[in-house]
Amino acid sequence: MRYQRPKGTADILPGDSEKWQYVEETARQVFKTYQFKEIRTPLFENFEVFSRSAGDTSDIVTKEMYDFHDKGDRHITLRPEGTAGVVRAFVENKLYGPQVLKPYKVYYMGPMYRYERPQSGRLREFHQLGVEAFGSESAALDVEVIAMGYNLLNKFGLADLKLVINTLGDQQTRDDYRQALIDYLEPHFEELSDDSKERLHKNPLRVLDSKAPEDQKFVEAAPSILDYLSDDAKTHFEQTKTYLEALEIPYEIDATMVRGLDYYNHTIFEIMTNSRALGQGYTTICAGGRYNGLVKELGGPEVSGVGFGLGVERLLVLMDAEGVEVPMDNQLDVYVVGIGDTASATTLKLAQALRTAGFTAERDYLDRKPKAQFKSADRLNARYTMTVGEAEIEGQVVNLKEMATGNETQVAMADVYKNAKQVIK
Ligand code: ATP
Ligand code: MG
């Protein structure tokens with residue numbers, strides 16, 4: 001029997017995990033500067049949390065849910081995205097209460113699960129970084145969230161970015177536009193893809209999100225939502241654009257852009273790159289927007305939210321393709337070399353003392369000859385070797401060699417045990 005990882009999953013091994021850590025740490029730093037705090041919610045939720053929030057015509061709910069009944073016959077779903085769980089937690093913990101500072105700003109990072117056909121950049125277990133900010137209707141917050149995603153991607157060394165925005169307006173806008181779309185699409189009903197036929201009356205906006213080739217000409221010629229904006233929706237969109245210009249963040253407007261999830265309104269956005277690494281044309285790397293109805297949908301009061309999600313695997317593919325250097329800490333402070341059979345307890349103690357003092361230290365565990373140990377020290381890129389044999393143990397000293405200069409000194413063992421910071425610079 002050979003065991004294999006489940007289809008659509010990946011092992012992240014040392015050599016790669018450093019890149020993940022770099023991405024996560026950089027994101028934490030950036031989120032902190034914008035005063036977003038980390039929230040951790042369960043990897044699984046009750047099915048309804050997602051079916052309610054994502055809308056039952058979304059790909060996620062109709063095709064991609066990783067759901068099952070547990071031993072207590074509860075209908076459970078592995079989270080396909082981060083927002084719904086965060087909103088559920090926001091409501092359940094009453095984070096909209098008067099004692100909580102507004103806007104309430106949180107970020108998350110972690111695995112998400114979708115039952116998809118695995119291909120490059122598309123997994124069944126993948127990872128997202130995301131942010132959500134609740135309790136302000138201000139377009140300044142929309143723009144701050146966009147700016148944060150944009151800055152983050154810049155920090156990761158991705159330069160060739162394109163920000164695309166659109167608005168889905170408010171309820172009035174959506175009602176008007178929905179009707180306009182139905183009127184426009186109905187005469188072409190027979191020519192639409194099966195998915196689009198199904199969606200035409202349930203949620204015609206999602207037809208615009210279709211990837212089916214036969215739908216594309218209808219998507220391109222569809223009426224523009226920008227012609228159906230209510231006054232409020234228009235004002236919000238104008239402010240969003242003004243603030244983006246104030247921050248000198250270039251953007252394009254794509255009036256046919258909709259989001260894969262049904263709960264968005266007002267500003268939606270995608271940050272794209274046209275790197276070949278992810279296929280032909282522009283690919284979305286970070287996507288988000290405002291969702292003013294979702295908190296209520298999940299049983300809370302009417303509190304608005306705005307956020308984004310960013311796919312970590314795709315980010316890493318891009319960083320690799322663009323040759324972005326991830327700072328790798330691949331130097332070892334000290335390799336402790338033991339000569340002879342009697343040195344083992346001493347090298348163990350020395351390594352322990354160095355580690356306790358905060359240095360990285362390594363030694364031999366395979367009873368190898370000194371020559372092989374020095375080779376390991378080289379491979380590990382050790383700054384120092386610390387050598388002990390019978391004579392050193394007798395004299396209670398170590399032989400310390402700085403690899404860069406070749407300088408060798410004798411140091412009292414007691415100093416290593418008590419004052420390692422004086423010995424190793
Ligand atoms: P797509 O149109 O590519 O299926 P989506 O609309 O389903 O994307 P979102 O739900 O907006 O994607 O998720 C946000 C980001 O998460 C995406 O831009 C992408 O980077 C990443 N992502 C989504 N699904 C996967 C997956 N199956 N594997 C890896 N990354 C994913
Ligand atoms: Mg998808």
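Refer to the preceding data block for the structure.
Each chain has its residues counted from 1, running along the sequence as written. A letter from A marks each chain and a number from 1 marks each ligand, given out in the order of writing. Where local features are concerned, this predicted model is filtered to residues with pLDDT of at least 70; where side-chain atom pairs are given and counted, the filter is 80 or more; whole-chain, interface and lining totals use all residues. The basis for every side-chain value is the complete set of heavy atoms in the structure, and neither hydrogens nor water enter the calculation.

Asks: What's the story with the sheet that holds strand β4 (residues 75-78) in this structure? I'm lost.
Replies: Two modes of strand pairing occur in sheets, parallel and antiparallel, and in both the strands are linked by backbone hydrogen bonds. If you trace the three strands from one edge of the open sheet to the other, you get β2-β4-β3, paired in antiparallel fashion. The open sheet has two edge strands with one neighbour each: β2 (44-46) and β3 (66-69). Strand-to-strand, the axes of this sheet are offset by a mean angle of 30 degrees, without reference to chain direction. Any two strands between which DSSP finds at least two bridges are classified as paired. Going along the chain from the N terminus, every DSSP run of H or I of four or more residues is numbered as a helix, and every run of E of two or more is numbered as a strand. The pairing of β2 with β4 spans three bridges and is classified as antiparallel. Working convention: axes come from line fits to C-alpha atoms, limited for helices to the stretch in contact. Angles between N-to-C directions cover 0 to 180 degrees.

Asks: Any chance you could explain helix α6 (residues 171-185) here in plain terms?
Replies: Think of an α-helix as 3.6 residues a turn; residues three or four steps apart then line up on the same face. A helix is expected to span 1.5 Å multiplied by its residue count minus one. Across its 15 residues, α6 extends 21 Å between first and last C-alpha, which sits within 8% of the 21 Å expected from 1.5 Å per residue. To sort residues, take the accessible area from a 1.4 Å probe on protein chains only and compare it with the maximum for the residue type: under 20% means buried, over 50% means exposed, and anything in between is partly exposed. Looking only at α6, the buried set comprises Thr173, Arg174, Tyr177, Ala180, Leu181, Ile182, Tyr184 and Leu185. Against α7 (194-202), α8 (216-220), α9 (231-246) and β9 (265-273) lie the buried residues of α6. Whether two residues are in contact is decided by their heavy atoms, any of which lying within 4.5 Å being enough.

Asks: Help me understand the environment of Lys7 in this model?
Replies: Inspection of the secondary structure puts Lys7 in the segment before α1 (17-33). Setting aside residues up to four positions removed in sequence, Lys7 forms contacts with Pro118 and Arg124.

Asks: I'm lost on the packing of aromatic side chains in this one. Help?
Replies: To describe a pair of aromatic rings, one takes the distance between the centres and the angle between the planes. The rule is short: rings of Phe, Tyr and Trp, with Trp giving its six-membered ring, pair when the centres are within 6.5 Å, and they are stacked under 30 degrees, edge-to-face over 60, tilted in between. One pass over the full model with this rule turns up 11 aromatic pairs. Ring geometry for Phe31 and Tyr107: centres 4.9 Å apart, planes at 40 degrees, overall tilted. Placement of the pair is Phe31 in helix α1 and Tyr107 in strand β5 (residues 104-113), with a sequence separation of 76 residues. Accessibility expressed as a relative area gives 0% for Phe31, which makes it buried. Centre to centre, the rings of Phe134 and Tyr291 are 6.2 Å apart; their planes meet at 75 degrees, and the pair counts as edge-to-face. With a gap of 157 residues between them, Phe134 in strand β6 (residues 125-134) and Tyr291 in strand β10 (residues 283-291) connect regions that are remote in the sequence. Note on Phe134: relative accessible area 1%, which makes it buried. An aromatic cluster is defined as three or more aromatic residues linked by ring pairs; in this entry it consists of Phe90, Tyr96, Tyr104, Phe134, Tyr264 and Tyr291. Sitting over a ring, as applied to charges here, requires NZ of Lys or CZ of Arg to be within 6 Å of the ring centre and within 35 degrees of the ring normal. Just above the ring of Tyr115 sits the side chain of Arg124; from NZ or CZ to the centre is 4.0 Å.

Asks: Teacher, can you tell me more about the environment of Asp415 here?
Replies: Along the chain, Asp415 turns up in helix α15 (residues 413-423). Classification of Asp415 as partly exposed rests on a relative accessible area of 35%. Each C-alpha atom, one on Asp415 and one on Thr347, is 15 Å from the other, the two residues being 68 residues apart in sequence. If we skip the residues at most four places from it in the chain, Asp415 touches Ala420 and Val423.

Asks: Sorry if this is basic, but what is going on with the site of ligand 1 here?
Replies: By convention in this text, a residue qualifies as near a molecule or strand provided that one of its non-hydrogen atoms is within 4 Å of it. Taken together, 14 residues lie around ligand 1, and Arg114, Glu116, Arg122, Lys211 and Arg259 are the ones closest in. The definition of a polar contact used here is a pair of N or O atoms within 3.5 Å, where within protein one atom must be able to donate a hydrogen and the other to accept one, and adjacent residues in sequence count solely through side-chain atom pairs. In the environment of ligand 1, an oxygen atom lies 2.8 Å from a nitrogen or oxygen atom belonging to the side chain of Arg114. With respect to ligand 1, the side chain of Arg314 contributes an N or O atom lying 3.3 Å from an oxygen atom. The accessible surface values rely on the Shrake-Rupley method and a 1.4 Å probe; as for residues, cover is taken only from the protein chains in view. Protein coverage of the free-state accessible area of ligand 1, which is 590 Å², stands at 86%. Within the residue set of the shell around ligand 1, elements represented by two or more residues are β6 and β10. Considering each element in turn, the shell around ligand 1 owes the most residues, three residues, to β10. Charged means Asp, Glu, Lys or Arg here, nonpolar means Ala, Val, Leu, Ile, Met, Phe, Trp, Tyr, Cys or Pro, and polar covers whatever is left, Gly included. Taken together, the residues of the shell around ligand 1 sort by class into four nonpolar, four polar and six charged.

Asks: Any chance you could explain the pattern of salt bridges here in plain terms?
Replies: Between side chains of opposite charge, a pair can form as their charged atoms come close. Salt bridges are identified by distance alone: a Lys or Arg side-chain nitrogen within 4 Å of an Asp or Glu carboxyl oxygen. Within this structure, the stated rule accounts for 22 salt bridges. Its salt-bridge partner being Arg28, residue Glu38 comes within 2.8 Å of it at the nearest N-O pair. Of this pair, Glu38 sits in strand β1 (residues 37-38) while Arg28 sits in helix α1; the two residues are 10 residues apart in sequence, bridging distant segments of the chain. The partly exposed category is assigned to Glu38, whose relative accessible area is 29%. Judged by relative accessible area, which is 30%, Arg28 ranks as partly exposed. Arg88 is the salt-bridge partner of Glu45, the closest N and O atoms lying 2.8 Å from each other. Within this pair, whereas Glu45 is found in strand β2, its partner Arg88 is found in helix α4 (residues 83-92), the two being separated by 43 residues in sequence. Look at the salt bridges and you will find they share partners, linking Asp16, Lys19 and Asp320 into a network.

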